[in-house]
Amino acid sequence: MSEVKVKFKTITPLWTGDAWMENHEIRPSSIIGSLRFWFEVICYFAGITTDDDYENGKLKGNIENKNFRQEFLKLKNQEPNKDKDELVDMVLAKFGIPLPARIFGCTGWKGKIGIKKITDVSKSNDYDYYQGKLEIKELEYTKKYQNGQTKKVTPTWYFSKGFVGEFTIIFEIKNNKTKDTIFYPLLNFIENYGFLGGKWNIGYGRAKIFLKINEKEIKLDDYKEFKFSQFNKYKKDENDKIVLNGYYSDKRFDDIINNKTDFKELKNKNHKKILILKDQISNKNLEEIIKELIRLKATCRRDISDYSERHDIFGTGGNNAQGTKILPWIYEENGELKGGFVSIAGLLRSGE
C-alpha cells in the first residue's frame, strides 16, 4: 500500500450530504463513490466495459470471500510463477468482475483505491453561490392531470449551502501501477470534466485538484491518458481454465470526449462518447452563470415531447429518482469562470 496526498479546492460548492440531507462534513464514501462513478463512465465510453457488463442498469460485480480464496489458492498452485496481483485479476475475471470493480471493489472484494482520512479542511468565509429557492417565472407552464384538472407550475430548484474551501485527502493505493495508470489520470479527468459529491444537476461538485508532494501542490496536467494496456484481459478456455486474452487499449481523454456546438446534440444517447458544450456563458459571476445554465437546460428539456425519453435524459424526482445525464458544467479557463454542459446521455445504452 502507498499513501497519496491530494488537495481539493472547490470551484462550486461540494455537497456530501447524509441520509438526513444535511452537509455537516466531507464524507469519504461520497468522494470515493464519485471517483468510482466517473471511472465506470470512462470505462464504458472507452469500450473497456460493454452493455454485457451491466444488469438492470448496474455494473455486475459480486463474489463470495470463500469462493475467492479457494480459486486464488488453486491458481497459485497451478501458476506458481505469477505474482499476486495477476493471480487476483485472474480470479476476479473468472467470476466476471469488470475492470471498474477490480479497481474500486465490489461485494466480496475491497478494490485497489481507498481513503485513509480527510485532513486540513479549511472552510471559506466567502460564499458566492446561489442559496435558497430559484424560480424561473418565464418557464411557467400548465400541467394537465388525468382527471382533467390543471395546475400552473413554475420550474423551481433548491440550493442548500454546501462546502466551499479546501481539504486534503490521504488515499491508499495498492500498487504503483494503479496509481500511475488509473488514479492520476482519473483525478485529472474529474478536475476537467467531472464532479464530486452530489447535486450535480445544479452545478455542485466542481473542484481543482493537486497532488501534494513534500507539501508542494503539483498539477496533474501530464496525466491525460489511461494506461489500460497495463491490465490484462482474460477468458475461460474449453477446460474452464482462465487464460490470457490480450490487453486493454490505452485511451487518451480525446478518445472518449467529443466537443459539440449545439445543446440539442447533447441529447443524443446513441453517441458513445462524453459530449462537451463549452463557452456557453462567460464574463459573469458564479451566481449568474449557474442561473443561466439552469435556464438554458430547462428550456431545452421541453424540446423532448416523449415523456419517457425526457425523463431518461434530464432525470426525475420522487421515489424513483434518477439523475440527469446533462450536467451544468462550470470551469475555469485562463483565470476566468465559464459555463457549459457535460453530457453522459450515452450511458442510457447500458440501461443506466
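The residue numbers shown here count from 1 along each chain, following its written sequence. Totals for whole chains, interfaces and linings use all residues, but because this is a predicted model, local features are given only for residues with pLDDT of at least 70 and pairs of side-chain atoms are given and counted only at 80 or more. Side-chain measures here rest on the full set of heavy atoms in the structure, leaving out hydrogens and waters.

(A) Expanded view of the side chain of His-311. Secondary structure elements follow DSSP: runs of H or I no shorter than four residues count as helices, runs of E no shorter than two count as strands, and numbering proceeds from the N terminus. For His-311, the position within the fold is in helix H8 (residues 307-314). Any pair of residues with heavy atoms lying within 4.5 Å of one another is described as a contacting pair. Apart from the residues lying within four places of it in its own chain, the contact partners of His-311 are Arg-301, Thr-316 and Gln-322.

(B) Focus on the pairing of strand S1 (residues 2-10). Two elements, S1 and strand S9 (residues 165-173), share eight bridges in a ladder whose sense is antiparallel. Looking at S9, one finds that Lys-7 is bridged to Thr-168. The criterion for strand pairing is that DSSP finds at least two bridges linking the strands in question. Two strands pair when backbone bridges link them, and S1 and strand S10 (residues 207-213) are joined in this way by five bridges, in the antiparallel orientation. Pairing of Thr-10 across the sheet is with Ala-207, part of S10.

(C) Representation of the packing of aromatic side chains in the model. Note on aromatic pairs: the rings of Phe, Tyr and Trp (six-membered ring only in Trp) are paired at centre separations within 6.5 Å, and the planes decide the class, stacked below 30 degrees, edge-to-face beyond 60, tilted for the rest. Following the criterion strictly, the structure yields 29 aromatic pairs and no others. Centroid distance Phe-226 to Phe-253: 5.8 Å. Interplanar angle 40 degrees. Geometry classified as tilted. One end of the pair, Phe-226, is in strand S12 (residues 225-226); the other, Phe-253, is in helix H6 (residues 253-256), and 27 residues separate them in sequence. Ring geometry for Phe-263 against Phe-341: centres 4.9 Å apart, planes inclined by 90 degrees, an arrangement best described as edge-to-face. Here Phe-341 lies in strand S19 (residues 336-343) and Phe-263 lies in the loop between strand S16 (257-260) and strand S17 (274-281), a separation of 78 residues in the sequence. Grouping residues by exposure puts Phe-263 and Phe-341 together as buried. Comment: the charge-over-ring label is applied if NZ (Lys) or CZ (Arg) is within 6 Å of the ring centre and within 35 degrees of the ring normal. If you follow Lys-199 out to its NZ or CZ, it ends over the ring of Trp-15, 4.7 Å from the centre. Lying over the aromatic face of Tyr-44, Lys-272 brings its terminal NZ or CZ to 4.4 Å of the ring centre. Think of it in three bands: residues with accessible area under 20% of the maximum for their type are buried, residues over 50% are exposed, and the middle band is partly exposed, with areas taken using a 1.4 Å probe on protein chains only.

(D) Representation of the environment of Ile-113 in the model. In this fold, Ile-113 is placed in strand S4 (residues 113-123). Along the primary structure Ile-113 and Glu-292 are separated by 179 residues, whereas in three dimensions their C-alpha atoms are 37 Å apart. Among all residues touching Ile-113, those that are not within four sequence positions of it are Ile-32, Ile-103, Phe-104, Phe-171, Glu-172, Ile-173, Thr-178 and Phe-183.

(E) Representation of the state of the cysteines within the structure. Note that a disulfide, as used here, is simply two cysteine sulfur atoms within 2.5 Å. A complete count under the given rule lists zero disulfides for this structure. There is no disulfide at Cys-106, and the cysteine sulfur nearest it, in Cys-43, is 14 Å away.

(F) Region of interest: the confidence of the model for the chain. Values of pLDDT, which run from 0 to 100, indicate the predictor's confidence residue by residue. When pLDDT is averaged across the chain, the result is 88; 95% of the residues are at 70 or more. Per-element confidence in the chain ranges from a low mean pLDDT of 73 for strand S14 (residues 242-247) to a high of 97 for S12.

(G) View of the sheet that holds S19. Pairing is mixed across the open sheet formed by four strands, whose spatial order is S16-S17-S19-S18. Every interior strand has two partners, whereas the edge strands, S16 and strand S18 (326-333), have only one. Strand-to-strand twist across the sheet, computed as the mean angle between neighbouring axes with direction ignored, equals 35 degrees. Sheet topology places S18 next to S19; eight bridges connect them, and they run antiparallel. Considered in S19, the bridge of Leu-327 is made with Val-342. For helices, the axis comes from a line fit to the C-alpha atoms of the stretch in contact; other axes are also lines fit to C-alpha atoms, and the angle between any two N-to-C directions lies between 0 and 180 degrees.

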